[in-house]
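# Commentary on secondary and tertiary structure
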Amino acid sequence: MEENTFATSAYIAADNDTAFDYLCSLKNLDDWTLFSRMIEQVDEDTWLGTASGYQHNLYYHVKRIDNGFFKGIEWHCGIKYQEYFQVYPVMLFPPEYIEPGTDESGVYFHWLSFVDPKRRVPMIMQGIETVHTSECRSLKAILERQAGRTEAAHGRYKIVTDTIFVDAPIDMGYEYLSDLRTMDEWAHLLRPAGEISSKEGEFLDEYNQKVKVELRAHTLSKYYLIEQDFYYPDHNFIQRSPCIIIPCSYAFADPEAQGFIQHRITFWPVDKPLRHGKLQIQDFGAESMNIKRFLEAKAGNLETFAQGMSYQPKKALAKV
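Attention here is on the structure that accompanies the text. (Residues numbered from 1 in each chain as written. Predicted model: local features only at pLDDT ≥ 70, side-chain atom pairs only at ≥ 80, totals over all residues. Heavy atoms only, no water.)

### Observations regarding the sheet that holds strand β1 (residues 5-12)
- Across the sheet, which stays open at both edges, the 7 strands sit in the order β1-β7-β6-β5-β4-β3-β2 with antiparallel pairing between neighbours. With one partner strand each, in any of the chains shown, β1 and β2 (38-43) form the two edges of the open sheet. Pairs of neighbouring strands in the sheet enclose a mean axial angle of 20°, with direction left out of account.
- Pairing analysis gives 8 bridges linking strand β4 (residues 58-66) to strand β5 (residues 71-78), with the strands arranged antiparallel. (Pairing = 2+ DSSP bridges. Helix = DSSP H or I, 4+ residues; strand = E, 2+ residues; numbered from the N terminus. Axes fitted to C-alpha atoms, helices over the stretch in contact; angles between N-to-C directions.)

### Considerations on the packing of helix α1 (residues 16-24) against helix α4 (residues 122-146)
- Interhelical geometry of α1 versus α4 gives an angle of 125° and a closest axis separation of 11 Å. Overall, the two elements α1 and α4 adopt an arrangement that is oblique. Seen along the crossing, α1 lies across α4 with a hand that is right-handed. Between α1 and α4, the residues in contact are Ala19, Tyr22 and Leu23 and Leu139, Ile142, Leu143 and Gln146, respectively.
- Tallied by class, the residues present in the contact of α1 with α4 amount to 6 nonpolar, 1 polar and no charged. (Parallel < 35°, antiparallel > 145°, perpendicular 65-115°, else oblique. Left-handed = near helix turned anticlockwise from the far one by under 90°. Contact = heavy atoms within 4.5 Å. Nonpolar A, V, L, I, M, F, W, Y, C, P; charged D, E, K, R; others polar.)

### Quick notes on the nonpolar core
- Ranked by internal contacts, the top residues of the largest apolar core, which has 31 residues, are Leu23, Trp32, Trp75 and Phe109.
- Within the residue set of this core, elements represented by two or more residues are β1, α1, α2 (29-32), β4, β5, β6 (86-93), β7 (107-114) and α4.
- Examining the composition of this core, we find that 5 residues originate from one element, α1, more than from any other.
- Leave out the neighbours within four places in its chain, and Leu23 touches Trp32, Val62, Ile73, Trp75, Val90, Leu92, Phe109 and Leu139.
- Counting 30 residues, the second-largest nonpolar core is a separate cluster that includes Ile65, Ala153, Leu225 and Ile265. (Core = buried A, V, L, I, M, F, W, Y, C linked by side-chain atoms within 4.5 Å. Buried < 20%, exposed > 50% of the residue type's maximum accessible area, 1.4 Å probe, protein only.)

### Points about the pairing of strand β3 (residues 46-49)
- Judged by which residues are buried, β3 turns out to be covered on both faces: Thr46 and Leu48 on one side and Trp47 and Gly49 on the other are all buried.
- Relative to β3, β2 is paired through 4 bridges, and the arrangement is antiparallel. Directly across from Gln41, in β3, lies its bridge partner Trp47.
- Pairing of β3 with β4 involves 4 bridges; the strand directions are antiparallel.

### Observations regarding the side chain of Asp30
- Among the structural elements, Asp30 can be located in helix α2.
- On the basis of relative accessible area, Asp30 is assigned to the buried category, the value being 16%.
- A distance of 2.7 Å separates the side chain of Asp30 from the backbone nitrogen of Met38, its partner in a polar contact.
- Beyond its immediate sequence surroundings of up to four residues, Asp30 is in contact with Ser36, Arg37 and Met38. (Polar contact = N/O pair within 3.5 Å; in protein donor to acceptor, adjacent residues only side chain to side chain.)

Spelled out as C-alpha cells, the structure:
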C-alpha cells in the first residue's frame, strides 16, 4: 500500500446534503477536530487557525466538488495564505450509489490525505492514523446527534481502499484508465466477450459469468475520477469501484514530484461475503500492480516498479 496516502471512512446516519453543508463550513472544524480552531476568517472559503499536528498556525481553505453522482470537498492547508502543502479530498457516497434501489439512508464519508515525504516528520507519520480516525468518529457523532440519534449507527457497508504510486504522466494514466479497451490488459480475472468500446462492454469473469462493465470519467479540480461499474445481469448485482488518480505534484504540493497516485475505493457488505465480482481487496490490488507495471513501461520508467508501491522523490530512488 502507498505509504504517503492515508484514508479514513465512516458511515454517517445523517442527511447527505446536511453532511455536505456542515463540511463546507470551516468554522465547524472547531467542533470535531482534535485542535484545528479557526481564529480569523480571511475570505469566503479560507480561515487562519490553529492545527492539531503542528506547533504553529495554518491557513485552511475549502473547495467544493460535485460530479453529479455524489458530492465532496477538498480541504487545503498551508503556513502561508494561498500556498497550501496539504490537500484532503473528501467524498460523500449516498447508499443509493453503492447499492441502487436500497432503502438505506445516510451517507458514507471518505477522507483522503497525503503527506509529502520531503516535509513529513515523525509525529505526523506516527499520529495521522490515530488523529484522523478519532476525528472521523467525532464528526460522525456530531452529525448523528444533530439528526436525533443517541448512539453510533452502523452502515451496511464498509469502505476498503487500494492505493499505489505510478511513475507515469497523469495524462497518460487518464487516457489509459478511462478507456475500457485496456482492461483486457490489466484485469486478469476478466475476459472480453464481444465488442468492447472505450466506455462499455461485456466480459466473462473467472467463473464464466457475464459482466457488463461501464466507465465514467470526470475531472475533479486538478485530478481525475474514473468510475468503474461491474454489473452481473444474471444476478442483478452491481459492484462499483470509483478510482481517483491524482498527480503527485498536486497531492504533495511539489512541482518536482513525478507520476501520480491511484486510489481505488471499494464497498463491502458487513453482514455477508460477496459471491460475485471481486471477492477480496487483493483482487483490486493485483490489478493495480498490473496497471503500474504497464504504464511505467509505456513511460520508459523501468526501474521504479522494483522500488515498491510508494512514491519516493527521484533523488531517493536507487538503481536495482
